[in-house]
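A look at the structure
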Amino acid sequence: MQATTHPDASAPTTNSMVAGAMRAARAAQASWAETSPAERTRILRRFHDILYRRRHEVAELITAESGKAYTDAFGVDVLVSLDSARWTAKAAPRFLRSRWQRVDGLMFLRKRVRLERRPLGVIGVISPWNYPFFLPAACVLPALACGNAVLLKPSEFTPRAGAMLGELLHGAGVPAGVLQVVQGDGMVGDAVVRSGVDKVIFTGSARVGRLIAAACAERMIGCSLELGGSDAAIVLADADLQHAADGIAWTRFANAGQTCVAPKRVFVEAGAYDAFIGALSASVTSIRVGDGRNPATEMGPMIHADAAALVRAQREDALARGARVIATAPVPGKPDVATGPSGPAPVEDGRGDAQVAPTVLVDVTDDMRVMREETFGPLLPVTRVADLDEAIARANATPFGLSASVWTRDRARALEAARRLEAGTVMFNDATSVVGMPSVPYGGVKASGMGMLHGVAGLEACVQTLPVVDDRFVGWRQPWWFRYGDRHLAHLEAFGQFAHAPSLMARLRGLPGIIGMLLHRNRNERKSP
Ligand code: NAD
């Protein structure tokens with residue numbers, strides 16, 4: 001089936017068009033915020049149903065535009081977006097409901113507080129190309145559910161997937177002004193950041209994340225930054241090695257290695273090293289590389305030739321410094337430095353320059369680019385370590401902190417590792433899967449970002465939490481208001497004693513002072529001159 005987004009919806013947007021979109025979004029947001037959470041939920045459910053009906057068309061569009069394997073487009077971009085829409089529709093109304101609550105502490109017994117969730121206004125969402133439908137959806141859906149308008153800027157490499165997301169949401173009933181898709185490169189992204197938006201939710205590289213954080217700081221607006229990573233996988237000697245090898249092969253090489261939350265450096269305990277390398281090599285050698293449109297293809301080309309060239313350069317750097325290729329899979333019709341001439345027919349999708357063979361490297365050292373930089377492609381360095389202590393020290397020796405995985409049957413050691421790893425998420429005997437769980441918050445630490453997506457934390461990122469403080473006894477003075485003097489201090493002392501003295505007897509000695517204060521100071525009397 002042919003995808004059917006409006007042709008103009010993926011055309012580049014000029015800076016003045018961004019300004020116009022911003023004005024329209026601002027104008028539309030007020031009435032969107034007035035619609036009930038239940039009505040907004042109905043719209044999200046309709047979006048879910050439309051996406052389900054058009055699921056194959058959306059997956060085909062993503063594959064056609066990005067080159068990725070159809071199964072990855074369908075299995076992640078489409079199915080996880082469906083889950084995300086359903087969870088957001090269910091969770092948002094409960095999250096947005098205001099409730100009165102008691103205030104803890106003796107001083108404030110007469111107070112009560114109502115926490116209101118107020119939309120931020122207009123949120124700028126700037127997205128990358130690697131999951132070009134799901135990643136913007138995971139940011140746009142909670143933003144809309146919370147009553148915000150959104151300016152969405154998809155990646156310049158996947159404008160049609162972003163336009164498709166807009167089209168489906170508009171078709172579900174999101175007013176045109178409330179969600180505006182603006183298209184173009186980093187200049188347009190920068191124009192969004194400076195357009196007057198109230199917050200930016202950015203997913204992309206650490207380099208651009210820093211620029212956006214600085215621009216937001218100048219404007220004193222908040223930003224959530226979901227950035228790159230160099231996740232460690234730690235394989236302990238007692239692990240189920242076949243499971244570890246198959247799991248690490250999939251999480252690293254699915255989507256042609258272009259997944260943010262994925263193992264990019266593997267550390268294997270010495271006792272398991274040889275057996276693990278054997279199992280991993282078997283798993284990687286059998287990956288079917290080819291045209292993403294073929295349903296049997298397991299690894300399509302990368303997004304573009306420049307991205308592939310970067311990964312090849314990282315591999316060449318490692319080989320020049322003494323690393324060895326231990327496993328790779330043939331790329332159809334393409335002799336590769338690692339594989340030599342290969343057998344199958346060439347890929348006919350015109351993306352030959354972006355095809356990179358999945359490659360496992362051993363004998364890697366910490367000075368190699370593959371250990372120092374993010375490798376955003378099908379390249380995996382594996383290192384032997386003496387024990388868990390060495391694995392953790394080397395895993396943490398990176399500026400990044402997106403996620404990490406520990407592969408073992410021993411939960412106690414896995415938990416010990418989780419406590420010591422500098423990562424936003426730690427997964428046991430799996431990697432990557434946290435990204436597919438819309439109810440679970442995830443985000444990076446260190447250079448991998450600030451803030452969280454998904455779950456209640458992802459909803460909280462889209463609102464201002466407004467405490468409304470009420471007093472049950474209007475007309476009764478607060479005991480700490482002006483009338484300073486010895487008596488006032490004595491009352492405060494009694495308060496402190498009753499609330500905080502170390503023993504019950506000592507605390508009770510503060511009680512007469514409190515009663516005295518209530519008797520003498522609770523009326524709105526005029527201050528004597
Ligand atoms: P990128 O940073 O080059 O671009 C991301 C988006 O930012 C694009 O839409 C781009 O046009 C825009 N942009 C570029 N310069 C800008 C500027 N100065 N101001 C505003 N916007 C600007 O990243 P990419 O190459 O598209 O994506 C790959 C990166 O994204 C990898 O590092 C990957 O790890 C990361 N990523 C992180 C997550 C996560 O959840 N942590 C998810 C997916 C991808």
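Criteria and cut-off values
Residues numbered from 1 in each chain as written. Predicted model: local features only at pLDDT ≥ 70, side-chain atom pairs only at ≥ 80, totals over all residues. Heavy atoms only, no water. Near = heavy atom within 4 Å. Polar contact = N/O pair within 3.5 Å; in protein donor to acceptor, adjacent residues only side chain to side chain. Areas by Shrake-Rupley, 256 points an atom, 1.4 Å probe, with all protein chains shown as cover. Helix = DSSP H or I, 4+ residues; strand = E, 2+ residues; numbered from the N terminus. Nonpolar A, V, L, I, M, F, W, Y, C, P; charged D, E, K, R; others polar. Core = buried A, V, L, I, M, F, W, Y, C linked by side-chain atoms within 4.5 Å. Buried < 20%, exposed > 50% of the residue type's maximum accessible area, 1.4 Å probe, protein only. Contact = heavy atoms within 4.5 Å. pLDDT = per-residue confidence, 0-100. Patch = residues over 30% accessible without salt bridge, like charges linked within 9 Å, V, L, I, M, F, W, Y side chains within 5 Å. Salt bridge = Lys/Arg side-chain N within 4 Å of Asp/Glu carboxyl O. Pairing = 2+ DSSP bridges. Axes fitted to C-alpha atoms, helices over the stretch in contact; angles between N-to-C directions. Lys, Arg positive; Asp, Glu negative; His and termini not counted. Charge placed at Lys NZ, Arg CZ, Asp CG, Glu CD.

Re the site of the ligand
Taken together, 29 residues surround the ligand, and among them Ser127, Glu156, Ser205, Leu227 and Glu374 come closest. Measuring from an oxygen atom of the ligand, one finds a side-chain N or O atom of Lys153 at 2.9 Å. Considering the ligand on its own, with 850 Å² of exposed area, one finds that the protein chains cover 89% of that surface. Those elements giving two or more residues to the shell around the ligand turn out to be α7 (186-193), β6 (199-203) and α8 (206-219). Residues of the shell around the ligand, tallied by class, amount to 14 nonpolar, nine polar and six charged.

A few points about the nonpolar core
In this structure, Phe47, Phe133, Leu169 and Val200 are the most contacted members of the largest nonpolar core, which totals 88 residues. For this core, the element with the highest residue contribution is helix α4 (residues 70-96), accounting for 13 residues. When sequence neighbours within four positions are dropped, the list of residues in contact with Leu169 reads Phe47, Val140, Leu141, Leu144, Val174 and Leu179. Listed in part, the 63 residues of the second largest apolar core include Ala233, Ile248, Val266 and Trp407.

Details of the confidence of the model for the protein chain
Averaged over the protein chain, the pLDDT score is 93; the fraction of residues at 70 or greater is 93%. Every residue in residues 1-7 scores below 50 in pLDDT, and together they form 14 contacts with partners more than four places removed in sequence or on other chains. Taken as a whole, residues 337-346 scores under 50 in pLDDT and shows 23 contacts with residues more than four places along the chain or in a different chain.

Thoughts on unusual backbone geometry
Despite not being glycine, Asn255 shows a phi value in the positive range, around 60°. Asn255 sits in the buried class, given a relative accessible area of 2%. Of note, Asp363 is a non-glycine position whose phi angle comes to about 55°, a positive value.

Quick look at a nonpolar patch on the surface
Together, Leu504, Met505, Leu508, Leu511, Ile515 and Leu519 make up an exposed nonpolar region whose accessible area comes to about 610 Å². Residue assignment for the nonpolar patch shows that the elements contributing at least two residues are α17 (504-508) and α18 (511-521). When you line up the elements, Leu511 lands in helix α18.

Observations regarding the sheet that holds strand β5 (residues 179-181)
The six strands are arranged β5-β4-β3-β6-β7-β17 in an open sheet whose pairing can be described as mixed. A strand with exactly one partner marks an edge of an open sheet, and here the two such strands are β5 and β17 (449-450). One ladder, built from four bridges, connects strand β3 (residues 122-126) with β6; its direction is parallel. Within β6, the residue paired with Gly124 across the bridge is Val200. Each of β3, β6 and β7 (222-226) is contacted by α8, which is oriented at about 175° to β7, the strand it contacts most.

Some thoughts on the pattern of salt bridges
Following the criterion strictly, the structure yields 28 salt bridges and no others. Across the pair Asp317 and Arg321 runs a salt bridge, and its minimum N-O distance is 2.9 Å. For Arg321, a relative accessible area of 41% gives the class partly exposed. Among the charged side chains, a network of salt bridges with common partners joins Arg54, Glu57 and Glu167.

Some remarks on the sheet that holds strand β10 (residues 324-328)
Across the sheet, seven strands lie side by side as β10-β11-β12-β9-β8-β14-β15; this open sheet has mixed pairing. Edge positions in the sheet fall to β10 and β15 (425-428), since each has one partner strand and no second. Taking each pair of neighbouring strands and ignoring which way they run, the sheet shows an average axis angle of 25°. Here strand β8 (residues 231-235) runs beside strand β14 (residues 403-407); their pairing, made up of four bridges, is parallel. Bridging from a neighbouring strand, Val235 pairs with Trp407 of β14. Contacting β10, β11 (359-362) and β12 (379-385), helix α11 (residues 305-320) crosses the sheet at an angle of about 25° to β11.

Topic: the side chain of Asp471
Mapped onto the elements, Asp471 comes out in strand β18 (residues 463-471). Engagement of the side chain of Asp471 in a polar contact is seen with the side chain of Arg110, the distance being 3.1 Å. Here Lys111 takes part through its side chain, which lies 2.8 Å from a polar atom of the side chain of Asp471. Dropping the residues within four chain positions of it, Asp471 is found in contact with Arg110, Lys111 and Gln478.

Here we look at a positive patch on the surface
A surface patch of positive charge is lined by Lys90, Arg94, Arg97 and Arg99. With respect to the element layout, Arg97 can be found in the loop between α4 and β1 (99-102). Looking at Arg97, the relative accessible area reads 47%, which means it is partly exposed.

Observations concerning the pairing of β15
Burial along β15 is one-sided: the residues Thr425 and Met427 are buried and none of Val426 and Phe428 is. Summarising the sheet, β14 and β15 pair through four bridges and their orientation is parallel. Within the sheet, the bridge partner assigned to Ser405 lies in β15 and is Met427.

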